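Below, each chain spelled out in residue letters.
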Amino acid sequence: MDLEKKLAAEASIDFIKDGMVVGLGSGSTVNWMVRKLGEKVKQGLNIRGIPSSKKTERLALEVGVPLTDFASVDCIDIAIDGADEIDGNLNLLKGGGGSLVREKVVDVNADQFIVIIDQSKVVEELGELPLPIEVLQFGWEIIAKKIAELGGETVIRIKDEKRFISDNGNYILDCKFGKITKPEELHEKLKLLTGVVETGIFTNMVDKVIIGRKDEVEVLEK
Ligand SMILES: O=C[C@H](O)[C@H](O)[C@H](O)COP(=O)(O)O
């Protein structure tokens, strides 16, 4: 699986051109991409990255990828990010690592959005995994009840025996909805709940998917 992630990640580098502002996603697949990008920068590629998590930011700085931010640029040319699930309509479920909010801000504002995954992420319908939803700490218990009224079986995310806190200082609720047949509709209903910051459903955003399959890659276009 790691080889498949690495292959997909490294294949995505071909789409990054000199002078681009690059949205850097989060997660283990993206980490391969960031490392490769660091090598390319050392060889003379001139790009600037916008990281979607503190972890990605740390790695980018470590491997020498120059960074910028939204105060300094008007647009992101290309964003490259991983996913936890992708369905046949290229809808994504993301947030397994807890970085969904910043990822969505980066990915939705990119001219081109490329997803890099291993083949285990391809599903018929989203929802085999619980859906991560970032919520305010204040009132999370009542927000969880409202999510339950929409059909979600909700568990607050725990890491190292403590409540997981996102880069934005919020909690993550992992919510089992069963098969998500209408991702956009579910996302919209959840977003209407006060206290929900963002959901891990990403719809109508993906331009290209690079899938690592054994020792080769498959590229899907929108
Ligand atoms: O919050 C985490 C992100 O959405 C990741 O992009 C996603 O979980 C995929 O991660 P990985 O590449 O480690 O499987």
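Residues numbered from 1 in each chain as written. Predicted model: local features only at pLDDT ≥ 70, side-chain atom pairs only at ≥ 80, totals over all residues. Heavy atoms only, no water.

Caption draft 1: Representation of helix H6 (residues 183-191) within the structure. The set of residues buried in H6 consists of Pro183, Leu186, His187 and Leu190. Relative to the axis of H6, the buried residues are bounded by an arc of 100 degrees and lie together on one face. The elements touched by buried residues of H6 are helix H4 (100-108), strand S7 (131-135), helix H5 (140-149), strand S12 (196-199) and strand S13 (201-202). (Buried < 20%, exposed > 50% of the residue type's maximum accessible area, 1.4 Å probe, protein only. Helix = DSSP H or I, 4+ residues; strand = E, 2+ residues; numbered from the N terminus. Arc of directions from axis to C-beta. Contact = heavy atoms within 4.5 Å.)

Caption draft 2: Spatial organisation of helix H3 (residues 54-63). Among the residues of H3, those classed as buried are Thr56, Leu59, Ala60 and Val63. The arc enclosing the buried residues of H3, seen along the axis, measures out at 100 degrees, which places them on a common side. Facing away from the buried side of H3, by more than 90 degrees, are the exposed residues Arg58, Leu61 and Glu62. Close packing links the buried residues of H3 with strand S1 (21-24), helix H2 (28-42) and strand S2 (48-51). Of the residues flanking the end of H3, it is Gly64, one or two places downstream, whose phi is positive at about 85 degrees.

Caption draft 3: Main features of the environment of Val105. Topologically, Val105 is positioned in helix H4. Given a relative accessible area of 39%, Val105 falls into the partly exposed group. Placed 82 residues apart in sequence, Val105 and Gly23 show a C-alpha to C-alpha distance of 9.7 Å.

Caption draft 4: Region of the structure containing a positive patch on the surface. The grouping of Lys54, Lys55, Arg58 and Lys159 at the surface amounts to a positive patch. Looking at which element gives the most residues to the positive patch, the answer is H3, with three residues. Classification of Arg58 as exposed rests on a relative accessible area of 53%. (Patch = residues over 30% accessible without salt bridge, like charges linked within 9 Å, V, L, I, M, F, W, Y side chains within 5 Å. Areas by Shrake-Rupley, 256 points an atom, 1.4 Å probe, with all protein chains shown as cover. Salt bridge = Lys/Arg side-chain N within 4 Å of Asp/Glu carboxyl O. Lys, Arg positive; Asp, Glu negative; His and termini not counted. Charge placed at Lys NZ, Arg CZ, Asp CG, Glu CD.)

Caption draft 5: Here's a closer look at the packing of aromatic side chains. Within this structure, the stated rule accounts for one aromatic pair. An angle of 90 degrees between the planes, with centres 6.2 Å apart, marks the rings of Trp140 and Tyr171 as edge-to-face. Highlighted residues: Trp140 in helix H5 and Tyr171 in strand S11 (residues 171-176), separated in sequence by 31 residues. The class of Trp140 is buried, set by a relative accessible area of 15%. Its guanidinium or amino end placed over the ring of Trp32, Arg35 lies 5.1 Å from that ring's centre, counting from NZ or CZ. Note that Arg157 overlies the ring of Phe164, its terminal NZ or CZ placed 5.6 Å from the centroid. (Phe/Tyr/Trp six-rings, centres within 6.5 Å; stacked < 30°, edge-to-face > 60°. Lys NZ or Arg CZ within 6 Å of the ring centre and 35° of its normal.)

The values are spatial; any link to function lies outside them.
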